[in-house]
Amino acid sequence: MPNRPERSLAQGLRSVPAGVTVRVSVPATSANLGPGFDSMGLALDLRDDVEVTTVDEGFSAVVQGEGAGTVPTDASHLVIATLRGYLLERGWKVPGLELVATNRIPHGRGLGSSAAAHASAILLADALLPEDERASAADLLNAASHLEGHPDNVAPALTGGLTVSWEEDGRYRSSAMRPHPAVVPVVAIPAQPLSTETARGLLPSQVPHHVAAANAGRVGLLVHALTQEPSLLLAGTRDWLHQDQREPAMPESVGLVRDLRRQGLAAVVSGAGPTVMVLADGMDQAGRARAALQAGLEGSAQPWRVSILPVDAAGAKVETHRSGQPISG
Ligand SMILES: Nc1ncnc2c1ncn2[C@@H]1O[C@H](COP(=O)(O)OP(=O)(O)OP(=O)(O)O)[C@@H](O)[C@H]1O
Ligand SMILES: N[C@@H](CCO)C(=O)O
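Bear in mind the structure is a predicted one, so any value in this text is a computation, not a measurement.

Draft legend 1. Molecular detail of the domain arrangement of the protein. Domain assignment breaks the protein into domain 1 (6–171 + 315–322) and domain 2 (183–308). Look at where the C-alpha atoms of domain 1 and domain 2 centre, and you get two points 27 Å apart. Listed by partner, the interface residues are 22 residues for domain 1 and 35 residues for domain 2. With both chains or domains summed, domain 1 and domain 2 bury close to 1900 Å², and 64% of this area falls on carbon and sulfur atoms. It is P35, F37 and R109 that lose the most area in domain 1 upon contact with domain 2, and together they represent 33% of the buried surface on that side. Linking domain 1 with domain 2 are two salt bridges. Where E66 meets R305, a salt bridge forms, and the shortest distance between an N and an O atom there is 3.7 Å. The interface formed by domain 1 and domain 2 contains 12 residue pairs in polar contact (both at pLDDT 80 or more). Elements that contribute at least two residues to the side of domain 1 that touches domain 2 include exactly strand 3 (20–32), strand 4 (36–55) and strand 8 (162–168). Take the side of domain 1 that touches domain 2: its biggest share by element is six residues, from strand 4. Tallied by class, residues from the side of domain 1 that touches domain 2 come to 11 nonpolar, eight polar and three charged.

So, in structure tokens, the structure goes:
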């Protein structure tokens, strides 16, 4: 059978043959959405496209767009390293890879760039395997979430739309919903990044019971507001668990969120920040949110990109091409 992998007796690993091309396209995501820390996420219409081709030897990456000139272009590239690690866990290896990434998701801004990279790697690795070796969607979500450390970005990156994720007995799971069509995300993305690791380091290990209870109530309301009644988004996005605690690392963003909320706009810190996102109720409010963001950022010492970033409903897309055969979805 053409392209059938051969067993490597030396390591007991099977090898993906050279000449296989796989492409993946994964959307940006905004996690937390206010009170849903490490559980809620929304896919946004901005994509990273990654293509890998298996070759006889060597690992190299060509990176265009976001991260070009800063991320590694050798075997330590996040997608290449993650892809190889996952294949190894599955009992496979790849002799060499050429990767071409067209990145549009800015790094370290709270828009799920690392989750998109982890999801891309797992999907690409899975697509390189023969069909009878492929994992289920639930297993792919679990694997990518473990790499990320939490599932809130990975889940919407895979399924699109709005997701609620949870962990049970060491396994990550997720449920996807369709957001109400009136919900329009508006983002303000600063030039200066903030690593998720730094932002997580500012969180307390414990919170009072009444704080946890208040946040839990707002998450329930948030799901209702996002899917049924967007007029409740301001109340539904109220958080006490993480945004204020992270203010020292992103004072401008947290100050802007407060200012916008006082104006009646459902503003949140996107993911671990420092991007600020307003979940607007309809296009008129989205226009007001954009103007309010621009006004609030006048005089900032750094440039910000303010734009409407619609919800992505499609999630990740994968295409495979096996030596000479047409690309298949
Ligand atoms: N497409 C990519 N290719 C290579 N490395 C990447 C890619 N995307 C992210 N990274 C790595 O991940 C880092 C950013 O991850 P980090 O978790 O700090 O922020 P984020 O994922 O953009 O934001 P958040 O998790 O808050 O949504 C980058 O600095 C880079 O090292
Ligand atoms: N829930 C995560 C999202 C960023 O990866 C956080 O806020 O730290």
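Draft legend 2. Spotlight on helix 6 (residues 209–227). Taking 1.5 Å per residue as the helical rise, helix 6 with its 19 residues ought to reach 27 Å, and the 28 Å between its terminal C-alpha atoms agrees with that figure. Listed in full, the buried residues belonging to helix 6 are V211, N215, V219, L222, A225, L226 and T227. For helix 6, the angular spread of buried residues about the axis comes to 160 degrees, placing them on one side. Residues H209, H210 and A216 are exposed on helix 6 and point more than 90 degrees away from its buried face.

Draft legend 3. Spotlight on the pattern of salt bridges. One pass over the structure, following the stated rule, counts 11 salt bridges. A salt bridge links R90 to D126, with the nearest nitrogen and oxygen atoms 3.8 Å apart. One end of the pair, R90, is in the loop between helix 1 (78–89) and strand 6 (92–93); the other, D126, is in helix 2 (residues 113–128), and 36 residues separate them in sequence. E247 is the salt-bridge partner of R258, the closest N and O atoms lying 2.8 Å from each other. Here R258 is found in helix 8 (residues 251–262), whereas its partner E247 is found in the loop between helix 7 (233–236) and helix 8, with 11 residues between them in sequence. For R258, a relative accessible area of 31% translates into the label partly exposed. The exposure class assigned to E247 is partly exposed, which follows from its relative accessible area of 25%.

Draft legend 4. Spotlight on the site of ligand 1. Contacts to ligand 1 come from 19 residues, most closely from G108, G112, S113, S114 and T196. Within the backbone of A272, an N or O atom sits 3.0 Å from an oxygen atom of ligand 1. Here ligand 1, which alone exposes 630 Å², has 80% of that area covered by the protein. In this structure, ligand 1 is accommodated by the second largest pocket. When residues in the shell around ligand 1 are grouped by element, the largest group, three residues, is from helix 2. Taken together, the residues that form the shell around ligand 1 break down as six nonpolar, 11 polar and two charged. In terms of domain composition, the shell around ligand 1 takes at least three residues from each of domain 1 (6–171 + 315–322) and domain 2 (183–308).

Draft legend 5. Molecular detail of the site of ligand 2. Close to ligand 2 lie A31, N32, F37, D38, H150, D152, N153, T196, R200, R246, G271 and A272, which account for all nearby residues. Within the side chain of D38, one N or O atom sits 2.5 Å away from a nitrogen atom of ligand 2. Within the side chain of N153, an N or O atom sits 3.5 Å from an oxygen atom of ligand 2. Against a free-state accessible area of 260 Å², the protein chains account for coverage of 97% of ligand 2. When atom positions are compared with the pocket grids, ligand 2 is found to occupy the second largest pocket. Mapped onto the shell around ligand 2, the elements with two or more residues apiece are strand 3, strand 4 and helix 5 (196–200). Here the shell around ligand 2 is composed, by residue class, of three nonpolar, five polar and four charged. In terms of domain composition, the shell around ligand 2 takes at least three residues from each of domain 1 (6–171 + 315–322) and domain 2 (183–308).

Conventions and cut-offs
Residues numbered from 1 in each chain as written. Chains lettered and ligands numbered in written order. Predicted model: local features only at pLDDT ≥ 70, side-chain atom pairs only at ≥ 80, totals over all residues. Heavy atoms only, no water. Domains from an automatic or database assignment. Contact = heavy atoms within 4.5 Å. Buried area = accessible area lost by both parts, 1.4 Å probe. Salt bridge = Lys/Arg side-chain N within 4 Å of Asp/Glu carboxyl O. Polar contact = N/O pair within 3.5 Å; in protein donor to acceptor, adjacent residues only side chain to side chain. Helix = DSSP H or I, 4+ residues; strand = E, 2+ residues; numbered from the N terminus. Nonpolar A, V, L, I, M, F, W, Y, C, P; charged D, E, K, R; others polar. Expected span 1.5 Å × (residues − 1). Buried < 20%, exposed > 50% of the residue type's maximum accessible area, 1.4 Å probe, protein only. Arc of directions from axis to C-beta. Near = heavy atom within 4 Å. Areas by Shrake-Rupley, 256 points an atom, 1.4 Å probe, with all protein chains shown as cover. 1 Å grid on protein atoms, 1.4 Å probe; cavity = no way out; pocket = protein on both sides within 12 Å on 5 of 7 lines; lining within 4 Å. Sits in = over half its atoms within 2 Å of the grid points.

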